[in-house]
Amino acid sequence: MRIVVLVSGTGSNLQAVIDAVTAGDLEIEIAAVGADREGTYGIERSDEAGIETFVLNFNSFSTREEWDAALADKVASYGPDVVVSSGFMRIVSPEFIERFGGRYLNTHPALLPAFPGAHGVRDALEYGVKVTGCTVHWADAGVDTGPIIAQESVAIADGEDEESLHERIKVVERRLLIDVLRQLASGELKTPVA
Ligand code: GRF
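Scoring rules and cut-offs
- Residues numbered from 1 in each chain as written.
- Predicted model: local features only at pLDDT ≥ 70, side-chain atom pairs only at ≥ 80, totals over all residues.
- Heavy atoms only, no water.
- Pairing = 2+ DSSP bridges.
- Helix = DSSP H or I, 4+ residues; strand = E, 2+ residues; numbered from the N terminus.
- Axes fitted to C-alpha atoms, helices over the stretch in contact; angles between N-to-C directions.
- Core = buried A, V, L, I, M, F, W, Y, C linked by side-chain atoms within 4.5 Å.
- Buried < 20%, exposed > 50% of the residue type's maximum accessible area, 1.4 Å probe, protein only.
- Contact = heavy atoms within 4.5 Å.
- Near = heavy atom within 4 Å.
- Polar contact = N/O pair within 3.5 Å; in protein donor to acceptor, adjacent residues only side chain to side chain.
- Areas by Shrake-Rupley, 256 points an atom, 1.4 Å probe, with all protein chains shown as cover.
- 1 Å grid on protein atoms, 1.4 Å probe; cavity = no way out; pocket = protein on both sides within 12 Å on 5 of 7 lines; lining within 4 Å.
- Sits in = over half its atoms within 2 Å of the grid points.
- Nonpolar A, V, L, I, M, F, W, Y, C, P; charged D, E, K, R; others polar.
- Parallel < 35°, antiparallel > 145°, perpendicular 65-115°, else oblique.
- Left-handed = near helix turned anticlockwise from the far one by under 90°.

Q: Tell me about the sheet that holds strand 2 (residues 29-35), and name the residues and values.
A: Either a parallel or an antiparallel arrangement is found when strands of a sheet pair, and the pairing is made through backbone hydrogen bonds. If you trace the seven strands from one edge of the open sheet to the other, you get 3-2-1-4-5-6-7, paired in mixed fashion. The open sheet has two free edges, formed respectively by strand 3 (53-55) and strand 7 (148-155), since each of these has just one partner strand. Taken over all neighbouring pairs, the strand axes of this sheet differ in orientation by 20° on average, direction set aside. Judged from the four bridges that link them, strand 1 (residues 2-7) and strand 4 (residues 82-85) form a sheet pairing that is parallel. Bridge pairing in strand 4 links Ile3 to Val82.

Q: I'd like a description of the nonpolar core, backed by residues and values.
A: Grouped together as the largest cluster of nonpolar side chains are 34 residues, with contacts concentrated most on Leu105 and Leu181. Of all the secondary-structure elements, those providing two or more residues to this core are strand 1, helix 1 (12-22), strand 2, strand 4, strand 6 (131-138), strand 7 and helix 6 (162-186). The element that contributes the greatest number of residues to this core is helix 6, accounting for nine residues. Setting aside anything within four residues of it in sequence, one finds Leu181 in contact with Met1, Ile3, Val17, Leu26, Ile28, Val84 and Leu105.

Q: An account of the site of the ligand is requested, with residue identities and associated values reported.
A: In the vicinity of the ligand, the contacting residues are Thr10, Gly11, Ser12, Asn13, Gly87, Thr107, His108, Pro109, His166, Lys170 and Glu173. A distance of 2.6 Å separates an oxygen atom of the ligand from a polar side-chain atom of Thr10. Backbone polar atom of Gly11 to an oxygen atom of the ligand: 2.7 Å apart, as the coordinates give it. Relative to its unbound accessible surface of 370 Å², the ligand loses 90% to contact with the protein. At a threshold of 2 Å from the grid points, most atoms of the ligand map onto the largest pocket. Those elements that place two or more of their residues in the shell around the ligand are helix 1, strand 5 (104-108) and helix 6. Take the shell around the ligand: its biggest share by element is three residues, from helix 6. Here the residues of the shell around the ligand sort into one nonpolar, eight polar and two charged.

Q: Which residues make up the pairing of strand 1, and what are the values?
A: Within strand 1, five of the six residues are buried, which leaves the element mostly enclosed by the surrounding structure. Across six bridges, the pairing between strand 1 and strand 2 is parallel. Among the inter-strand pairings, Arg2 is bridged to a residue of strand 2, identified as Glu29.

Q: Explain the packing of helix 1 against helix 6 to me, using residue names and the numbers behind them.
A: Viewed as axis vectors pointing N to C, helix 1 and helix 6 meet at an angle of 45°, and their least axial separation amounts to 9 Å. If you check the angle between helix 1 and helix 6, you find them oblique. Along this stretch, helix 1 crosses helix 6, giving a crossing that reads as right-handed. Facing Ser12, Asn13, Ala16, Val17 and Ala20 of helix 1, the residues of helix 6 in contact are Lys170, Glu173, Arg174, Leu177, Ile178 and Leu181.

Here it is as structure tokens:
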């Protein structure tokens, strides 16, 4: 199974996938890693691991549609079976998702459908819930919507801050993402279009 991973930030979840592949614990090929801006640690990590990388800077395109089409072309050039949004902070178009047969995987640091959006951890804390968690799902063109594949809860400690909670969630998120990729690679879990 070939995947292309999209990142916008530090790429610690991506690093966990790279480590699992390198250790022989996950039999997939990371065909490429792409970012929507220059200078992300996610791209640096991939370069260090010898994985092909690309950057399509959102701000260098005059319209979202042009950026989205260029991203879809670039991703398609690697022939991925699954595209993974791993901390990729951009919404892609329905056309993008359709082009990959709906095989666009996303991870989110909250128990969807609760607390979607860019601040899922902060929003859960501010609401005052006692339990949050993470979700791996097939993304559609909405904000953190689409069929849920796996979820796991994380209890919030009294007085915990956003950073510490997010780090604890990410530990679980990485394990779930790797599990889902393993199940997809083995055929135990089916992609949306056979
Ligand atoms: C993850 O919690 C992801 O769900 C969220 O941003 C975080 C990405 O972290 N959208 P990293 O870039 O993998 O370190």
